Amino acid sequence: MDIDVTFLTKLKIHCMSNGIRLDAGVFSRLTLGGEVPLTIHEHPTTGGITLRMGEVYLNAPFDEWYCERSQALLAEASDGALEVRYDGKSVPCDVLPLPNYLSELNSLGHRVIDTTISHCDRIRISPISGCVLDCAFCDIPSRRYQRHEADEILASLEVAKQDRNIPAHHMLICGGSPGPNHLAWFDEMICTVTANSGLVTDVMMSAREGDLGFIRRYADAGVSGFSFNLEVFGDESAAYIMPRKHVRSSPHLARTIEAALEVVGGKGRVRSIIVIGLEDAEATLRGIDFLASLGCEPVLSPFRPSRNTALVAHEPPTEEYLTHIYDRALEIVATHGVRLGPRCIPCQNNTLVLPDGSPDYWYS
């Protein structure tokens, strides 16, 4: 599909700031008259509707408090196909479904979605519900802290791998951070799940102090990439928004990233999310420069005020702010010889980056 990339960039930024509206007929069509959900709100940055417009993927909020002001509309075209209407133009699109196992139990009798969910082309598993950290932009701290064993996760993973709605091409292990007494368990669980998953696997986790030998151990088990997330860079903002992470994890971020780069290399295999919209632009840009200078690829994740978070009433970032950050970020990463992540094109759905036609961005 030949679509103006400049227009799609503008559309993506608009929807990340304002969400998207759904025509009533489209809502009824996609939900089969209200019988099936469009989202399950299992995480702030995935709690929208996922659209595919050529090679551009977009997860857009549609039922949050700020979405009524959106100028983007998902509607039916004259031929019955779906399209996004924005700024006097229309773009044909597909709507990606939710997985078909939302109500299923695994072979051990546990709900699959307690640990496992699929997005685009990826299965995401969460070994821990809840979190020992307390980041205000995240909904995981609001859940009861609970560990899930490797056999439970692998049983749910087998269900997810058979799903026809969302065929899996790779896996991400993420979720809440473990307490210090659970680190040995956490490392063993990740290695066991990775080695038995049959999928290319990345791990998203907080940086931590002490021995970094776990990185080599993960890689030996089959982990191919890491995301150690910065999220908020400025000291004052980080101390207010994510006080525990700022003290327990952030001071160890640089050395953890450097260790991961030594083990798995660059070219998108080591990334770090920075949340866009919770501090002044200059602090965020310094954070992007800090990550890129290490050889780590920054992932721009626009803040979403979402239910079950402490910042549910906080305004999302403006389009002008997102545009400024995006334009400057492209300049910064080019200076350091890295790219904006993630490299996987479908996984860009909830991040501020678009494929540019180069082999640097791919389908996993």
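Not measured: the values here are computed from a predicted model.

Engineer: Break down the packing of helix H4 (residues 183-197) against helix H5 (residues 213-221) for me, citing the residues and quoting the values.
Structural biologist: Where H4 meets H5, the axes come as close as 8 Å, and the angle between the chain directions of the two elements is 20°. What the angle tells us is that H4 and H5 run roughly parallel. Here the hand of the crossing between H4 and H5 comes out right-handed. Contacts from Phe 186, Asp 187, Glu 188, Ile 190, Cys 191, Thr 194 and Ala 195 of H4 reach H5 at Phe 214, Arg 217, Tyr 218 and Ala 221. Of the residues assigned to the contact of H4 with H5, the class counts are 7 nonpolar, 1 polar and 3 charged.

Engineer: Give a detailed account of the sheet that holds strand E8 (residues 116-119), specifying residues and quantitative values.
Structural biologist: On the basis of which strands lie adjacent, the open sheet formed by 7 strands has the order E8-E9-E12-E13-E14-E15-E16 and mixed pairing. Each edge of the sheet is formed by a strand with only one pairing partner; in this case those strands are E8 and strand E16 (297-302). With strand direction ignored, the average angle separating the axes of adjacent strands in the sheet is 25°. Direction of pairing for strand E9 (residues 122-125) relative to strand E12 (residues 170-173): parallel, over a ladder of 4 bridges. What sits directly across from Arg 124, in E12, is Leu 172. Contacting strand E15 (270-276) and E16, helix H10 (residues 319-336) runs over the sheet at an angle of about 175° to E16.

Engineer: Before we move on, can you summarise unusual backbone geometry with the specific residues and values?
Structural biologist: Cis rather than trans, the peptide bond between Gly 341 and Pro 342 has omega equal to 0°. Phi is positive for Leu 32, which is not a glycine, with a value near 55°. Relative to the elements of secondary structure, Leu 32 occurs in the loop between helix H2 (24-30) and strand E2 (49-53). If you check the backbone angles, Lys 267 has positive phi at about 55° while not being a glycine. Inspection of the secondary structure assignment puts Lys 267 in the loop between helix H8 (253-264) and E15.

Engineer: Can you break down the state of the cysteines residue by residue, with the values?
Structural biologist: Any covalent bond linking the sulfur atoms of two cysteines counts as a disulfide. Counted by the stated rule, this structure contains 0 disulfides. The structure places no disulfide on Cys 131, whose sulfur is separated from the nearest cysteine sulfur, that of Cys 135, by 6.6 Å. Not part of a disulfide, Cys 138 finds its nearest cysteine sulfur in Cys 135, a span of 6.5 Å.

Engineer: Mind laying out the packing of H5 against H8, listing which residues take part and the relevant values?
Structural biologist: When two helices pack together, you describe them by how their axes are tilted relative to each other and by the distance separating the axes. Where H5 contacts H8, the two axes come as close as 9 Å, and the packing angle between them is 35°. In the packing of H5 onto H8, the handedness of the crossing is right-handed. Contacts between H5 and H8 involve Ile 215, Arg 216 and Ala 219 from the former and Thr 256, Ala 259, Ala 260, Val 263 and Val 264 from the latter. Residues of the contact of H5 with H8, tallied by class, amount to 6 nonpolar, 1 polar and 1 charged.

Engineer: Break down H5 for me, with residues and values.
Structural biologist: Burial in H5 covers these residues: Phe 214, Ile 215, Tyr 218 and Ala 221. Relative to the axis of H5, the buried residues are bounded by an arc of 125° and lie together on one face. Contacts made by the buried residues of H5 are with H4, strand E13 (200-205), strand E14 (223-228) and H8.

Cut-offs applied
Sequence order as written defines the numbering, with residues in each chain counted from 1. Side-chain atom pairs in this predicted model are given and counted only at pLDDT of 80 or more, local residue features only at pLDDT of at least 70, and totals for whole chains, interfaces and linings cover all residues. Where side-chain values are given, they derive from all heavy atoms of the structure, hydrogens and water being excluded. Lines are fitted to the C-alpha atoms to define the axes, a helix being fitted only along its stretch in contact, and any angle between axes, read from their N-to-C directions, falls within 0 to 180 degrees. Under the DSSP-based scheme used, a helix requires at least four consecutive residues in state H or I and a strand at least two consecutive residues in state E, with every element numbered from the N terminus. Oblique is the label for every angle not falling under 35 degrees (roughly parallel), over 145 degrees (roughly antiparallel), or within 65 to 115 degrees (roughly perpendicular). By convention the crossing between two helices is left-handed if the near helix lies anticlockwise of the far one by an angle smaller than a right angle, and right-handed if it lies clockwise. Residue contacts are defined here by distance: any two heavy atoms, one from each residue, within 4.5 Å place the two residues in contact. Nonpolar residues are Ala, Val, Leu, Ile, Met, Phe, Trp, Tyr, Cys and Pro. Charged residues are Asp, Glu, Lys and Arg, and all others, Gly as well, are polar. At least two bridges found by DSSP between two strands is the condition for calling them paired. Disulfides are defined in this document as cysteine sulfur pairs within 2.5 Å. A simple rule labels every residue: compare its accessible area, found with a 1.4 Å probe on the protein chains alone, to the largest value its type can have, and call it buried under 20%, exposed over 50%, or partly exposed in between. Working note: the arc is built from the helix axis to C-beta atom directions.

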